[in-house]
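In case you want the letters, here they are:
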Amino acid sequence: MKSVETSPSPVEPGVPVRRADARRNHERVFAAALKVFQDAGLQGTVPQVAERAGVGKATVYRSYPTKEDLVAAVMRHRLSELQRLIAPALAQPDPRRAFDDYVLRLFEGLADDRLLSEALADEGFSSTSGLLAALSDLMESAKAAGGVRADATLLDLRVMLCGTVVQLIRIAEREPALWRRYGELTLRALRP
């Protein structure tokens, strides 16, 4: 399992130092939450997280007073991981290639993360707005370079991308190669 930074450094001013056992419990809770929400999305529950972490619900609530707090922490972590995954696409000098790489890496990254997939498809999750803004900027650059059809809009992109994500979630498809295929089909639909 990857090392996950889940608690602030004890040398940060104004941050209380946790006891070693409390830190370990916090880390176990966070690692369990990552897995529960990755597998179950928003249907994941605090009792499932507690059971997976081997702690009581009260231990979960000590670190995260509400399920929404726990989901928000998991979302921040997963979004930062996804940003690292798709960062190489932003380094592409060719705007069309950058857009294509970003979309394909995004689809691949979402294949195994139900929470992030649900959040991206749900307009109520403002935490995904950075991803969509970067995607929109890349699409506009690719459009200016002739790599995306001139009449393509952010709504077109959102409907195709998020609509596909919603359907793949509904049929419980997790195969990354199939998600990539639908990413490729989305890109073909946007070609001039």
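What you see is a predicted model, and the numbers here were worked out from it, not measured in a lab.

Caption draft 1: Summary view of the overall build of the protein. Helix and strand counts for the protein stand at 9 helices and 0 strands. The helix and strand sequence of the protein, counted from the amino end, reads α-α-α-α-α-α-α-α-α. Accessible surface computed for the protein: about 10,300 Å², of which carbon and sulfur atoms make up 53%.

Caption draft 2: Structural detail: helix H9 (residues 176-189). Given a rise of 1.5 Å per residue, 14 residues ought to cover 20 Å, and the 20 Å separating the end C-alpha atoms of H9 matches this to within 8%. Of the residues making up H9, those classed as buried are Trp 179, Gly 183, Thr 186 and Leu 187. Buried positions in H9, seen along its axis, are confined to an arc of 100° and lie on one side of it. Where H9 is buried, its residues contact helix H5 (95-110), helix H6 (114-121) and helix H8 (154-170).

Caption draft 3: Seen up close, the side chain of Asp 101. Of note, Asp 101 is situated in helix H5. Residue classification places Asp 101 among the buried residues on the basis of a relative accessible area of 14%. Asp 101 has contacts with Ala 89 and Gln 92, leaving out every residue within four places of it along the chain.

Caption draft 4: Structural detail: the packing of aromatic side chains. All told, the structure shown has 1 aromatic pair when counted by the stated rule. Lying across the ring of Tyr 182, Arg 181 places its NZ or CZ 5.5 Å from the centre.

Caption draft 5: Representation of the environment of Ala 144 in the model. With respect to the element layout, Ala 144 can be found in helix H7 (residues 129-144). Judged by its relative accessible area of 72%, Ala 144 falls in the exposed class. With 48 residues separating them along the chain, Ala 144 and Arg 96 place their C-alpha atoms 9.4 Å apart.

Caption draft 6: Summary view of the packing of helix H1 (residues 20-40) against H6. Put simply, H1 and H6 touch, their axes get as near as 5 Å, and they point 60° apart. Compared by their axis directions, H1 and H6 come out oblique. Here Phe 37, Gln 38, Asp 39 and Ala 40 of H1 lie close against H6, whose contacting residues are Arg 114, Leu 115 and Glu 118. Each residue belonging to the contact of H1 with H6 can be placed in one class, and the counts come to 3 nonpolar, 1 polar and 3 charged.

Calculation criteria
- Residues numbered from 1 in each chain as written.
- Predicted model: local features only at pLDDT ≥ 70, side-chain atom pairs only at ≥ 80, totals over all residues.
- Heavy atoms only, no water.
- Helix = DSSP H or I, 4+ residues; strand = E, 2+ residues; numbered from the N terminus.
- Areas by Shrake-Rupley, 256 points an atom, 1.4 Å probe, with all protein chains shown as cover.
- Expected span 1.5 Å × (residues − 1).
- Buried < 20%, exposed > 50% of the residue type's maximum accessible area, 1.4 Å probe, protein only.
- Arc of directions from axis to C-beta.
- Contact = heavy atoms within 4.5 Å.
- Phe/Tyr/Trp six-rings, centres within 6.5 Å; stacked < 30°, edge-to-face > 60°.
- Lys NZ or Arg CZ within 6 Å of the ring centre and 35° of its normal.
- Axes fitted to C-alpha atoms, helices over the stretch in contact; angles between N-to-C directions.
- Parallel < 35°, antiparallel > 145°, perpendicular 65-115°, else oblique.
- Nonpolar A, V, L, I, M, F, W, Y, C, P; charged D, E, K, R; others polar.

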